[in-house]
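Structural overview
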Amino acid sequence: MLTVAVDRRWGPLLHLDRRFDDALNGHAAAHPAEVRFWRGLSAVLSPAVLRTALLVVACGCLYRRWIGPAILCAGASLGSLALVTAVKDGVGRVRPVVPVPVATAPGPSFPSGHATTSAAVALTVIVLAWPRLAGRRRWTVVAGAAVLAVAVGFSRLVLGVHFLSDVVGGWLGATALVFGLVALLRVRRSRSASR
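Residues numbered from 1 in each chain as written. Predicted model: local features only at pLDDT ≥ 70, side-chain atom pairs only at ≥ 80, totals over all residues. Heavy atoms only, no water.

Observations concerning the packing of helix α2 (residues 11-30) against helix α3 (residues 32-44)
Formally: Lines fitted to the C-alpha atoms define the axes, with helices restricted to the stretch that makes contact. Angles between their N-to-C directions range from 0 to 180 degrees. By definition, any uninterrupted DSSP run of H or I lasting at least four residues is a helix, any uninterrupted run of E lasting at least two residues is a strand, and each is numbered from the N terminus. The cut-offs work like this: below 35 degrees is roughly parallel, past 145 is roughly antiparallel, 65 to 115 is roughly perpendicular, and the gaps in between are oblique. Residue contacts follow a heavy-atom distance rule, with two residues in contact if any of their heavy atoms lie within 4.5 Å. Nonpolar residues are Ala, Val, Leu, Ile, Met, Phe, Trp, Tyr, Cys and Pro. Charged residues are Asp, Glu, Lys and Arg, and all others, Gly as well, are polar.
Running from amino to carboxyl end, α2 crosses α3 at an angle of 110°, the nearest separation of the two axes being 5 Å. With respect to each other, α2 and α3 are oriented roughly perpendicular. Here H27, A28, A29 and A30 of α2 lie close against α3, whose contacting residues are P32, E34 and V35. When grouped by side-chain class, the residues that make up the contact of α2 with α3 number five nonpolar, one polar and one charged.

Observations regarding the packing of α2 against helix α7 (residues 135-158)
In a pair of packed helices, the angle between the axes and the distance between the axes together describe the arrangement. Closest axis-to-axis distance for the α2/α7 pair is 9 Å, and the angle between their directions is 85°. Taken together, the axes of α2 and α7 are roughly perpendicular relative to one another. Across from F20, D21, L24 and A28 in α2, the residues of α7 making contact are F154, L157 and V158. Per-class residue counts for the contact of α2 with α7 are six nonpolar, no polar and one charged.

Re the nonpolar core
Test applied: For the purposes of this section, nonpolar cores are sets of buried Ala, Val, Leu, Ile, Met, Phe, Trp, Tyr and Cys residues that join through side-chain atoms within 4.5 Å. Per-residue accessibility, obtained with a 1.4 Å probe over protein chains only, is compared with the maximum for each type, and a residue is labelled buried under 20%, exposed over 50%, and partly exposed between these values.
Counting 22 residues, the largest nonpolar core has L54, L72, C73, A76, A120, V178 and L181 as the members making the most contacts within it. For this core, the secondary structure elements donating two or more residues are α4 (47-63), α5 (67-91), α6 (113-129), α7 and α8 (164-194). By size, the runner-up hydrophobic cluster in this structure holds 13 residues, among which are L24, A28, V158 and V167.

Points about the pattern of salt bridges
This is how the line gets drawn: By salt bridge we mean one thing: a side-chain nitrogen of Lys or Arg within 4 Å of a carboxyl oxygen of Asp or Glu.
In total, this model carries three salt bridges according to the counting rule given. A salt bridge links R93 to D17; its shortest N-O distance comes to 2.8 Å. With a gap of 76 residues between them, R93 in the loop between α5 and α6 and D17 in helix α2 connect regions that are remote in the sequence. In this structure, R93 and D17 share a single accessibility class: buried. Here R93 and D166 are joined by a salt bridge, their closest N and O atoms 2.7 Å apart. Of this pair, R93 sits in the loop between α5 and α6 while D166 sits in helix α8, and the two are 73 residues apart along the sequence. Pair check on accessibility: R93 and D166 agree, each one buried. Beyond isolated ion pairs, a larger network of salt bridges with shared partners links D17, R93 and D166.

Here it is, written out as structure tokens:
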């Protein structure tokens, strides 16, 4: 529904996006040190870095013959790339134009590749850690993963290279992707058990 609203240029959504971006841009223009921090975070936790990290973990899982986790990590990495590429090309949304530009980014705006990939990584970590941990450790991992996804998404808003709906769209797309992969792995596991 959000993709359709963005594609159809629904007025209330565009108004909310514009107000949010203008308010954040005013703050960013007055705080260059914060901009440097968010720019660095955005670079260190870029989609390429996070997808590569997931593929490395997938290879490690394959080496240990943990097939399910390997499929999940590789699927989240490659699936997030495919999802972002397909939706960006399909919607073709132009990036925000803010009063005081503090950063630039190439390509279409919706959804945010940074938000999609960081959320996919965060959810994959939670899915893999949840059954292996308990109590405080489990919730520490959940909190850390959530902070990662929120911080990366917020960095794109502060830098003025995405609308709020781009970031939310990325989070929703990543959620659908990871839960879809988990569902497929459960079907695979149940079929293997029945055989």
